[in-house]
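# Inside the fold
Here is what each chain is made of, one letter per residue.
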Amino acid sequence: MSLEAFQSIMDEVGDEVLLLHFWGWGEPFMNKDFFPMVKVAKAKGVQIISSTNGHFFESQGNIDKLIDSGLDVLIVALDGTDPETYEKYRRQGDFERVLSGLKQLVNTKKEKGAATPRINLRMLVTRENEEQVDRMRALAREMGVNIFSLKTLCSFDNEAEGAELLPCRQEFRRFSYGPDGEPIRQENTCKKFWNHPTIYRDGSVVLCDYHTGNELSLGNVFGSNGKADFGKIWFGDEFRRVRAKFLEGDRKDMRCDTCALNFAGVDRCVSHAFEIGEWGIQE
């Protein structure tokens, strides 16, 4: 998305938005306008959280721009305490590059006396790395990040393949499982249709951030004139119809019927989170 397009969206909705999840199905720092976009949103008073694979901080210039942008929270994904384990999930990732860049980011924050971004070192727990959780927790303290968190594996769209990656310990799993090994279904109490709109880089508005494509797009925020008109979609007849269908339990032709939220609430996306302070780690 271009800076101009993002500015158009924020001109329309910025005064109403409380929190912006500034990433999706890709690496946000690949966008050359990431830093000025954050500044645009911060000028509206929006709290912003983003997530990265951590490969873009070898440049001191990027680190300075990140800190100066005002980003509130940055999640850095590091799914192992050694290159071998890390690369089993983060294929073609560079463990040492991520670690080096993260150290430089933390050090620069200290040198500048900056409070933000609060850095959340996040580990996706799998069968390959679950025995490294304690070591990763110690690494988080050693690195001097603000938060250490454990993300649960979401395998609802490929349970057969996901079963091979599921950690053995239930505390690190997103779902509860029955005697047959299948995840136990529960009531889907999702609120995303009401409080979490999703706009993709081309302006497509989709039902929620769990949709990875435009198969259920409700329209384009830019319409025909290139100027943002999100309200026309958000308050439009089609979105109202979809919300009504969801509330009535009629979820045919909607991914909602097979969504992970039928098996666990959003609170299970992260199984553990620890704040790291001067006196160590607090849960």
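Let us look at the structure shown here. (Residues numbered from 1 in each chain as written. Predicted model: local features only at pLDDT ≥ 70, side-chain atom pairs only at ≥ 80, totals over all residues. Heavy atoms only, no water.)

Right, let's get into the pairing of strand E4 (residues 118-124). Of all seven residues making up E4, six are buried, and the element is well covered by its neighbours. Where strand E3 (residues 73-77) meets E4, five bridges bridge the pair, whose relative direction is parallel. Residue pairing for E4: Leu74 is matched across the bridge by Ile119. Of the strand pairs in this sheet, E4 and strand E5 (residues 147-151) are connected by five bridges, and their pairing is parallel. Pairing of Leu121 across the sheet is with Phe148, part of E5. With helix H6 (residues 133-143) bridging E4 and its parallel neighbour E5, the resulting β-α-β unit is right-handed. (Buried < 20%, exposed > 50% of the residue type's maximum accessible area, 1.4 Å probe, protein only. Helix = DSSP H or I, 4+ residues; strand = E, 2+ residues; numbered from the N terminus. Pairing = 2+ DSSP bridges. Right-handed = clockwise from strand over helix to strand, strands pointing away.)

Glancing now at the sheet that holds strand E8 (residues 217-220). The strand order across the open sheet formed by three strands is E6-E7-E8, and the pairing between neighbours is antiparallel. The open sheet is flanked by strand E6 (198-199) and E8, the only strands paired with a single partner. When strand E7 (residues 204-206) meets E8, the two strands line up antiparallel, connected through two bridges. In the strand pairing of E8, Val206 is matched with Ser217.

Further remarks concern empty space enclosed by the protein. Evaluated as defined, the whole model comprises one cavity of 30 Å³ or more. Each pocket or cavity is described by its volume, and for the largest cavity that value is around 90 Å³. In terms of lining, the largest cavity is formed by Asn188, Cys190, Lys192, Phe193, Cys208, Tyr210, His211, Phe246, Arg255, Cys256, Cys259 and Leu261. Classifying every residue of the lining of the largest cavity gives eight nonpolar, two polar and two charged. (1 Å grid on protein atoms, 1.4 Å probe; cavity = no way out; pocket = protein on both sides within 12 Å on 5 of 7 lines; lining within 4 Å. Points joined across faces, edges and corners; volume = space filled by probe spheres on them. Nonpolar A, V, L, I, M, F, W, Y, C, P; charged D, E, K, R; others polar.)

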